[in-house]
Amino acid sequence: MPLSWSIMSIPLKEYWQLFSKYLRPQRGRAVLLAFLLLLGIALRVVNPQIIRGFLDAAQSGASLDQLWIAGGVFLGFALLVQALSVTSIYVGEVVGWNATNALRADLALHALRLDMTFHNDKTPGDMIERIDGDVMDLAIFFSQLVVRVLGNVVLLFGILIAFALEDWRLGVGYLVFCAFVLVVLRRFSAAAEPFWKRARDMHSELYGFLEERLSGTEDIRSSGAGAYVLKQLYAFGRKMKEAETSAGVRGMLVWMTFQFAHGLGYMLAIAAGYYLVTTGQATLGTAYLLVYYTDTLFEPLRHLTMELEHFQKSAASIARLRELLGRQSKIQSRGRETIAAGHPLRLIFDAVTFGYAKDDPVLRDVSFNLAPGKVIGVLGRTGSGKTTLARLIFRLYDVTAGRVCLSEDGRPGVDIRDLPLADLPARVGMVTQDVQIFRGTVRQNLTLFDTAIPDDKVLEVIDDLELGEWFARQPKGLDTELESGGKGLSAGEAQLLAFARVFLRNPGLVILDEASSRLDPATERRIEHAIDKLLGDRSRTALIIAHRLSTVQRADEILILERGGVVEQGEREALARDERSRFSRLLRAQAA
């Protein structure tokens, strides 16, 4: 069978390349599975020979003891076959689930490494369906491929060889018959593949729709849009039903073809047995053997037919996963430059132009040079490009033109594209008004799962940020489990946890994106205290993105953006004294 042969248009070579690396850690189980399959198949091929011997012995007048021995051997072999079958299924499932669990983890990691352009085009529901739903089909497909498909293919050839040993004409005839049946079944199955792929796509769209609507339940209910959402849900359900029905009807053609072939095979076996017995070329036991082998022959064909539907679904899943794995991030980590940790960093924007969409720049020729240990406040209306600055510093996107550089004091700037991607989160910290709390312990949420940070350092930061009262309420201390999304945490406590993360990583550059907005005055004072500790000793450079002028009072410099361009830049105090400056006018407008 050539490697270019495909199941539902998925080349076996590509399938094997996808899974071979996940099989290597399970070589021992794979060898055990192969042994169990071959032994079980050998017993199933041999067992009918015992029945033939039993029938021929009974017809020739053998003693009762001989018949009891033959019957006992047959029963023993039958029980052993069942035991081997159960064991091989168990081992095959373990191999399949371990392989696909590893694949699921790699897919999730691959998706996390893709650039934000990709994630902006995909809903969370779609990604969940890709990483979990599609891989679930592959888990079933992989385990059944090993246990049922490959095992039954070997059993099929074993029976054909047994036919050939009885009479070469039987071997050739049944070989042609089986090949014809499999070709017909494959053609019907291939025709169904695009319909199963459409059904999988509809599942992804439905999950994406549900994720978006459920996350916006509050807005939907408050605006009275429930009926509209249900109407959309019905439309999705109708499309999914149509896709599943179209695929199911074509899958039914496969089953009907098998049933017809099964009946035709029995007719051939009975006719061949009758001919051989009446012409004296075979005994009654041999005639029964032909019927038994025919029935056993259709067992692997039946299993292969049953798995064709799984193949169709899995082929669609593999195609979608190949598409995902083939997607390369536009943000590549090719840099080899390094920047020492523990020092305030210089931040340089050198004629930076960037747009999320082609020919629609959000930033236009933005330049500034922020010295180590200095604080710059970035002001501007909504949509002026303030948050985009932070995204570019983290290389969530790459600039269209110009450079973003970091450097230690006294050293030339290093383009962040020349730094390893893993170095940026270690050198740059960020606190926003929306804090991500993960399902995990207090320790894991503060250290971001970095086990190298000692507990005494974590406890010290908790005390410094006045989180002691909150921490005292945690029943298991650092081992207390927090829920995803920060349930049970106030907005102020969540933001103080975000500050704790920055302190524990000790980055040389800190970005504060409206970190103290939407808080009550008492909590805002605690946040301001945390900012004072973070920036007070000038051991870190800071970029403060703000809508309110009070947020930038600690800034050394001011940068005002408008429509993606710099309209004013300078020292905060000098701009405040200059009555002609935009910053001064903003201060006066606020005071009025």
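If you're wondering where the values come from, they're calculated on a predicted model, not measured in any experiment.

The residue Arg501 is located in helix H15 (residues 491–505) in this model. Residue class for Arg501 comes out buried when judged on its relative accessible area of 10%. Leave out the neighbours within four places in its chain, and Arg501 touches Val435, Gln436, Ile437, Phe438, Asn445, Leu446 and Leu448.

We now examine the packing of aromatic side chains. Tallied over the full model, the rule gives 6 aromatic pairs. Judged by centre distance (4.8 Å) and plane angle (10°), the ring pair of Phe349 and Phe368 falls under stacked. Remark: Phe368 occurs in strand S4 (residues 363–370) and Phe349 occurs in strand S3 (residues 345–354); sequence separation between them is 19 residues. Centroid distance Phe354 to Tyr397: 5.5 Å. Interplanar angle 50°. Geometry classified as tilted. Residue Phe354 is found in strand S3, and its partner Tyr397 is found in the loop between helix H10 (386–393) and strand S6 (401–408); the two are separated by 43 residues along the sequence. Site record: aromatic cluster; members linked through ring pairs are Phe354, Tyr356 and Tyr397.

A positive phi is found at Ala351, a non-glycine position, where the angle reads about 50°. Mapping Ala351 onto the fold places it in strand S3. Assessed through its relative accessible area of 27%, Ala351 is described here as partly exposed. Residues other than glycine seldom take positive phi values, yet Asp365 does so here, at roughly 50°. Residue position: Asp365 is located in strand S4.

Applying the stated criterion across every chain, the model contains 10 salt bridges. A salt bridge links Arg580 to Asp578; the nearest nitrogen and oxygen atoms lie 3.5 Å apart. Its relative accessible area of 70% is what places Arg580 among the exposed residues. With relative accessibility at 28%, the residue Asp578 sits in the partly exposed group.

This part takes up helix H13 (residues 455–464). Those residues of H13 not exposed but buried are Val458, Val461 and Ile462. Along the axis of H13, the buried positions cluster into a sector of 105°, meaning they face one direction only. In H13, the exposed positions that point more than 90 degrees away from the buried face belong to Asp456 and Asp463. Glu466 sits one or two positions beyond H13 and adopts a positive phi of about 60°.

This part covers the pairing of strand S5 (residues 375–380). In terms of burial, S5 is largely enclosed, as 6 of its 6 residues are buried. Alignment of S5 against strand S13 (residues 557–562), held across 5 bridges, turns out to be parallel. The residue bridging Ile376 from the neighbouring strand is Glu557, located in S13.

Turning next to the nonpolar core. Judged by nonpolar contacts, the single largest core of 42 residues is most densely connected at Phe499 and Leu512. With 8 residues, the top contributor of residues to this core is H15. If we ignore the near neighbours within four places in the chain, the residues touching Leu512 are Val431, Phe499, Ile531, Leu534, Leu535, Leu543, Ile544 and Ile545. Listed in part, the 32 residues of the second largest apolar core include Phe349, Phe354, Leu419 and Val428.

What counts and how
- Residues numbered from 1 in each chain as written.
- Predicted model: local features only at pLDDT ≥ 70, side-chain atom pairs only at ≥ 80, totals over all residues.
- Heavy atoms only, no water.
- Helix = DSSP H or I, 4+ residues; strand = E, 2+ residues; numbered from the N terminus.
- Buried < 20%, exposed > 50% of the residue type's maximum accessible area, 1.4 Å probe, protein only.
- Contact = heavy atoms within 4.5 Å.
- Phe/Tyr/Trp six-rings, centres within 6.5 Å; stacked < 30°, edge-to-face > 60°.
- Salt bridge = Lys/Arg side-chain N within 4 Å of Asp/Glu carboxyl O.
- Arc of directions from axis to C-beta.
- Pairing = 2+ DSSP bridges.
- Core = buried A, V, L, I, M, F, W, Y, C linked by side-chain atoms within 4.5 Å.

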